Amino acid sequence: FTNFREKFVEAALTLFGSGWVWLVLKREERRLAVIKTSSAICPLVWDDIPIISLDMWEHAYYLDYKNDKAKYVNVFMNHLVSWNAAMARMARAEAFVNLGKPKIPIA
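What you see is a predicted model; the values in this text were computed from it and never measured.

A. Highlighting the pattern of salt bridges. This structure, assessed with the given rule, holds two salt bridges. One salt bridge connects Lys 26 with Asp 48, and the closest N-O pair in it is separated by 2.9 Å. Within this pair, whereas Lys 26 is found in strand 1 (residues 19–26), its partner Asp 48 is found in strand 3 (residues 48–55), the two being separated by 22 residues in sequence. Take Lys 26: its relative accessible area is 15%, and that puts it in the buried class. A salt bridge links Asp 47 to Arg 27; the shortest N-O distance between them is 3.2 Å. Residue Asp 47 is located in the loop between strand 2 (31–38) and strand 3, and its partner Arg 27 is located in the loop between strand 1 and strand 2; the two are separated by 20 residues in the primary sequence. On the accessibility criterion, Arg 27 (16% relative accessible area) is buried.

Laid out in structure tokens, this is it:
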């Protein structure tokens, strides 16, 4: 979506403390959003569908990047994200949202 990279990088660099940055498909609004979560919170608790996640806990970047979060985030965006996997997750998420939840008979 518009300005995705800028919004994702800004969210990562402004995350206070440890947590995650996510690209999610918001099920109710049927739109993409960049969100931040702290600790071990996952967007599934809000019924959002995760597409991409970035670990911003200190253990994820400190050994290789020390306190250079910007470099870590740029390496993630330029070299580590599997855009093919993200596109596949997006297609599945869109299909799930458009088709609705599976109707499973209750015995």
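B. Up close: the pairing of strand 2. Relative to strand 2, strand 1 runs antiparallel, the two sharing eight bridges. Bridge pairing in strand 2 links Leu 23 to Val 34. Connecting strand 1 to the next strand, strand 2, in antiparallel fashion are four residues, including Arg 30 with a positive phi near 55°.

C. Layout of the environment of Arg 27. Expressed as a C-alpha distance, the spacing of Arg 27 and Ile 49, which sit 22 residues apart in the sequence, is 6.9 Å. In this structure the side chain of Arg 27 is engaged in a polar contact, spanning 3.0 Å, whose partner is the backbone oxygen of Asp 47.

D. The side chain of Asp 48, seen in detail. A relative accessible area of 4% means that Asp 48 is categorised as buried. Setting aside residues up to four positions removed in sequence, Asp 48 forms contacts with Val 24, Leu 25, Lys 26, Arg 27, Ile 35 and Pro 43.

About the cut-offs
Residues numbered from 1 in each chain as written. Predicted model: local features only at pLDDT ≥ 70, side-chain atom pairs only at ≥ 80, totals over all residues. Heavy atoms only, no water. Salt bridge = Lys/Arg side-chain N within 4 Å of Asp/Glu carboxyl O. Helix = DSSP H or I, 4+ residues; strand = E, 2+ residues; numbered from the N terminus. Buried < 20%, exposed > 50% of the residue type's maximum accessible area, 1.4 Å probe, protein only. Pairing = 2+ DSSP bridges. Polar contact = N/O pair within 3.5 Å; in protein donor to acceptor, adjacent residues only side chain to side chain. Contact = heavy atoms within 4.5 Å.

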